[in-house]
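Architecture at a glance
Letter by letter, the chains look like this.
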Amino acid sequence: MTQQPQQTRARKAAAPLSDAAFTLLVQGVLDYGIFMLDPQGYIISWNAGAERIKGYRAEDIVGQHFSVFYPPEDQSSGKPQWELETAVAEGRLEDEGWRVRKDGSRFWANVVITALWDEEGVLQGFGKVTRDMSERRAAQHALTERRRLFDHLVQAQETERRRIAWDVHDDSIQAMVAVGMRLELLADRVPEAYAAELRRLDTSVSEAIGRLRSLTFRLHPPGIDRHGLVDGLSSHLDDVVGSSWGMPYSFEHRLDREPPPEMAITIFRIVQETLLNVRKHAHASRVDVSIESADRGVLTRVKDDGTGAPMSQDGTREHFGVIEMRERAETAGGWWSMHSRPGTGTTVEFWVPNPLPVPVSTSEDDAP
C-alpha cells in the first residue's frame, strides 16, 4: 500500500517543468545571459545573467535591437545580421568575439544563437545564450605569454651554455693541452729527479683537461640540436652512463613525434640532472630511462636500483638538483615528482606539455 504514493511522487518529480517553472529557472541563471529575439533581432526577453554580464536592466534593453551589444566595427560590417541569417540557414550559430556592455567596456563572449520555429515551420525568433569568457581568455593569453617567455629563457640559457662550452674548449682546454705538451718535453730534458715530478704535473693537467671536456659536454651535449631528443638522450646515455660510468642502463622511447627544440632541451636537462644525482647519491648499479607521448605532452621516467633515497624532498634540506628539476618542469607548464623507498631504488617522473600554438593576431583579438 505504501508503494502507490511513492510512485505518484516519483511521477510528479519526473514530470516536465511547466512553462512558468521553466521561465523562473531561466530568469534565475546568473552565469549565462539567456534572452529571446524576435525574427528581426529585437530583444523580447531578458534574464538576470544577461543583466549581470551586459549591465542592462530588462526595462532598459527590451525592445532594442541586439546589435547594440556589438562593437562599432562589427555593426558597420553587418555581422549581427549575418549571424541571424546563418542561424536561420543552419539552425544555430556559435561565435566568440568582443561584445560591448552598457558602460561601453568590452568583454570576450561565447555566443550561441538558435533559430526557433513553430510547428508549421514559421520562424518565431531566436534564442540567444551569452557567456562572459574574459577570464578564461586572459588566462589563456597569460599561459601563452608564459610559454613564450619560457622558450626565450631556454634559448638564452642554451646560447650562454654553448658560448661557455666553446670558450672553455677553444681557450682553456687548448692552453692546458699546450702546457701538458711542454711538460712532456721538459720531462725528457731534465734529470730524472725532476722528471718524475714533471710527469706527475703532466698527469694532473691531463686529468684537469678530462674534467673540462666533461664539463663542456654537460654544458652543450652534441647531437640534440641536430638530431633531436631521442638521439641526444641515446648518445648521452651511451657516452656518459655506459662508457664513462660503466653503469648498465636501458632506454625506451615511444613518441608520436619529435618534440620541438625548447621542449626537447627541457626534457634533456632534467634527465641529465637526474642521472648526475643517481651517480652522486643513489649508489645504484643500474638505471632505466623511458620517454613516451602522454596527455598531449611527453612523460619521462628515470628509475634506479639504488638505496632508495638519493635526494631529500624535505623543504628545508632539499637538494639543489631537485629544486632545479622541479622548477624546469613547472616553468614549462608541467609537473615533476620523485618516489623512493629504502632498498628499492628511486623513480623520478615528470611531464612536460607540448607548446601551445601561438594565436594569430587580428584586429578583433587585439581590441582593448
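Worth saying up front: this structure is predicted, and the values here are computed from it rather than measured.

What counts and how
- Residues numbered from 1 in each chain as written.
- Predicted model: local features only at pLDDT ≥ 70, side-chain atom pairs only at ≥ 80, totals over all residues.
- Heavy atoms only, no water.
- Helix = DSSP H or I, 4+ residues; strand = E, 2+ residues; numbered from the N terminus.
- Buried < 20%, exposed > 50% of the residue type's maximum accessible area, 1.4 Å probe, protein only.
- Contact = heavy atoms within 4.5 Å.
- Areas by Shrake-Rupley, 256 points an atom, 1.4 Å probe, with all protein chains shown as cover.
- Core = buried A, V, L, I, M, F, W, Y, C linked by side-chain atoms within 4.5 Å.
- Pairing = 2+ DSSP bridges.
- Axes fitted to C-alpha atoms, helices over the stretch in contact; angles between N-to-C directions.
- Salt bridge = Lys/Arg side-chain N within 4 Å of Asp/Glu carboxyl O.
- Phe/Tyr/Trp six-rings, centres within 6.5 Å; stacked < 30°, edge-to-face > 60°.
- pLDDT = per-residue confidence, 0-100.
- Parallel < 35°, antiparallel > 145°, perpendicular 65-115°, else oblique.
- Left-handed = near helix turned anticlockwise from the far one by under 90°.
- Nonpolar A, V, L, I, M, F, W, Y, C, P; charged D, E, K, R; others polar.

Some points on the overall build of the protein
Per the secondary structure count, the protein includes 12 helices and nine strands. Relative to its 368 residues, the protein shows a buried fraction of 38%. Residue pairs at least 24 apart in sequence account for 57% of intrachain contacts in the protein once pairs closer than 6 positions are excluded. Working note: accessible area of the protein is about 21,100 Å², and carbon and sulfur atoms make up 54% of it.

Side note on the nonpolar core
With 30 residues, the main nonpolar core has I267, V271, L275 and W336 as its most contacted residues. Looking at this core, the elements that each hand over two or more residues are α10 (229–244), α11 (261–282), β6 (287–294), β7 (297–304), α12 (320–331), β8 (335–341) and β9 (345–353). The greatest single-element share of this core, amounting to seven residues, is contributed by α11. Judged by nonpolar contacts, the second largest core, of 20 residues, contains F35, L37, I113 and F126.

Quick word on the sheet that holds β6
One open sheet holds the five strands; their spatial order is β5-β6-β7-β9-β8, and the pairing between them is mixed. Single-partner strands in this sheet number two, and they are β5 (249–254) and β8. Neighbour-to-neighbour, the strand axes of this sheet turn through a mean angle of 10°, independent of strand direction. Where α10 meets the sheet, its contacts fall on β5 and β6, and the angle it forms with β5 comes to roughly 175°. The sheet contacts of α11 involve β6, β7, β8 and β9, and relative to β7 the element is tilted by about 10°.

A few points about the pattern of salt bridges
The full count for this structure, using the stated rule, is 19 salt bridges. Here E73 and R106 are joined by a salt bridge, their closest N and O atoms 2.9 Å apart. Of the two residues, E73 sits in helix α5 (residues 72–77) while R106 sits in strand β3 (residues 106–117), which places them 33 residues apart along the sequence. Classification of E73 as partly exposed rests on a relative accessible area of 37%. The closest approach of N and O atoms between D95 and K79, which form a salt bridge, is 3.2 Å. Taken together, the residues span a long stretch of sequence, with D95 in strand β2 (residues 92–100) and K79 in helix α6 (residues 79–90) at a distance of 16 residues. Classification of D95 by relative accessible area gives buried; the value is 18%. Look at the salt bridges and you will find they share partners, linking E252, R254, E292, R301 and E349 into a network.

Observations regarding the packing of aromatic side chains
This model, assessed by the stated rule, comprises six aromatic pairs. A ring pair is formed by Y56 and F69, whose centres lie 5.9 Å apart and whose planes are at 65°; its orientation type is edge-to-face. Taken together, the residues span a long stretch of sequence, with Y56 in the loop between α3 (48–54) and α4 (58–61) and F69 in the loop between α4 and α5 at a distance of 13 residues. On the basis of an interplanar angle of 85° and a centroid distance of 5.2 Å, the ring pair of W98 and W108 is categorised as edge-to-face. You can see W98 sitting in strand β2 and its partner W108 sitting in strand β3, a full 10 residues away along the chain. The exposure classification of W98 matches that of W108, with both residues buried.

Overview of the confidence of the model for the protein
The predicted model of the protein averages 82 in pLDDT, with 82% of residues at 70 or higher. Predicted confidence is poor over residues 312–317, with pLDDT under 50, and the contacts of this stretch with residues over four places away or in other chains come to eight contacts. Below a pLDDT of 50 lies the segment residues 358–368, which in the model reaches 17 contacts outside its immediate sequence neighbourhood of four places, other chains included.

Comments concerning the pairing of β2
Of the strand pairs in this sheet, β2 and β3 are connected by nine bridges, and their pairing is antiparallel. Paired with V100 across the two strands is R106, which belongs to β3.

Thoughts on the packing of α10 against α11
Packing of α10 against α11 brings their axes to within 10 Å, and their N-to-C directions diverge by 20°. Put simply, α10 runs roughly parallel to α11. Between α10 and α11 the crossing geometry is right-handed. In this structure, α10 uses L229, G232, L233, H236, L237 and V241 to contact α11, whose residues at the interface are A264, I267, F268, V271, Q272 and L275. Considered class by class, the residues forming the contact of α10 with α11 number nine nonpolar, three polar and no charged.

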